[in-house]
Amino acid sequence: MHYVYMLQSELDSERWYTGASADLKTCLTEHNSGKSPYTAKFKPWRLMTYIGFDDQQKAVAFERYLKSGSGRAFAIGHLR
């Protein structure tokens with residue numbers, strides 16, 4: 001299973017991050033340990049939502065969509 005996830009910073013609730021992974025637990029641990037340069041300064045993070053896909057390509061495509069302008073608007077209206 002492949003997941004697209006959204007994290008929200010507990011430090012700044014207006015900060016959120018969208019990513020994709022096959023292992024949500026490890027991914028959240030890495031974001032909270034500072035291994036990702038982009039998310040390190042806003043840690044700790046909490047998992048807001050995730051969506052599972054059987055197909056990795058579909059997960060990657062949905063992640064790209066959520067990072068686009070219209071995808072961000074969709075996420076704010078429906079997933080946050």
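In this numbering scheme, every chain counts its residues from 1 along its sequence in written order. Two thresholds apply to this predicted model, a pLDDT of at least 70 for residue-level local features and 80 or more for giving and counting side-chain atom pairs, whereas whole-chain, interface and lining totals are computed over all residues. Side-chain measures here rest on the full set of heavy atoms in the structure, leaving out hydrogens and waters.

Explanation requested: the pairing of strand S2 (residues 16-21) in the structure shown.
Looking down a regular strand, the side chains alternate between one sheet face and the other. Here the term buried applies to any residue with accessible area under 20% of the maximum for its type, exposed to any over 50%, and partly exposed to those in between, with areas from a 1.4 Å probe on protein chains only. Runs of H or I in DSSP of at least four residues are treated as helices and runs of E of at least two as strands, each being numbered from the N terminus. Judged by how many residues are buried, S2 sits mostly within the fold: 5 of 6 residues are covered. At least two bridges found by DSSP between two strands is the condition for calling them paired. Both strand S1 (residues 2-9) and S2 contribute to a ladder of 6 bridges, which runs antiparallel. Bridging across to S2, Tyr 5 finds its partner in Gly 19. Counted along the chain from S1 to the antiparallel partner S2, the turn is 6 residues long.

Is there a simple way to think about empty space enclosed by the protein in this case?
Taking a probe equal in size to a water molecule and rolling it over the atoms shows the remaining empty space. Lining residues are those with an atom within 4 Å of a point, where the points come from a 1 Å grid over the protein atoms alone and group into cavities, where a 1.4 Å probe fits but cannot get out, or pockets, open sets with protein on both sides within 12 Å along at least five of seven lines. Grid points are joined across faces, edges and corners, and a volume is the space filled by probe spheres set on the points. A full pass over the atoms with the stated rule returns 1 cavity of 30 Å³ or more. Of the pockets and cavities examined, the largest cavity occupies roughly 40 Å³. Lining the largest cavity, in full, are Tyr 5, Leu 7, Leu 24, Cys 27, Leu 28, His 31 and Leu 47. Of all elements in the fold, only S1 and helix H1 (24-33) reach the threshold of two or more residues within the lining of the largest cavity. Among the elements that take part in the lining of the largest cavity, H1 stands out by supplying 4 residues, more than any other.

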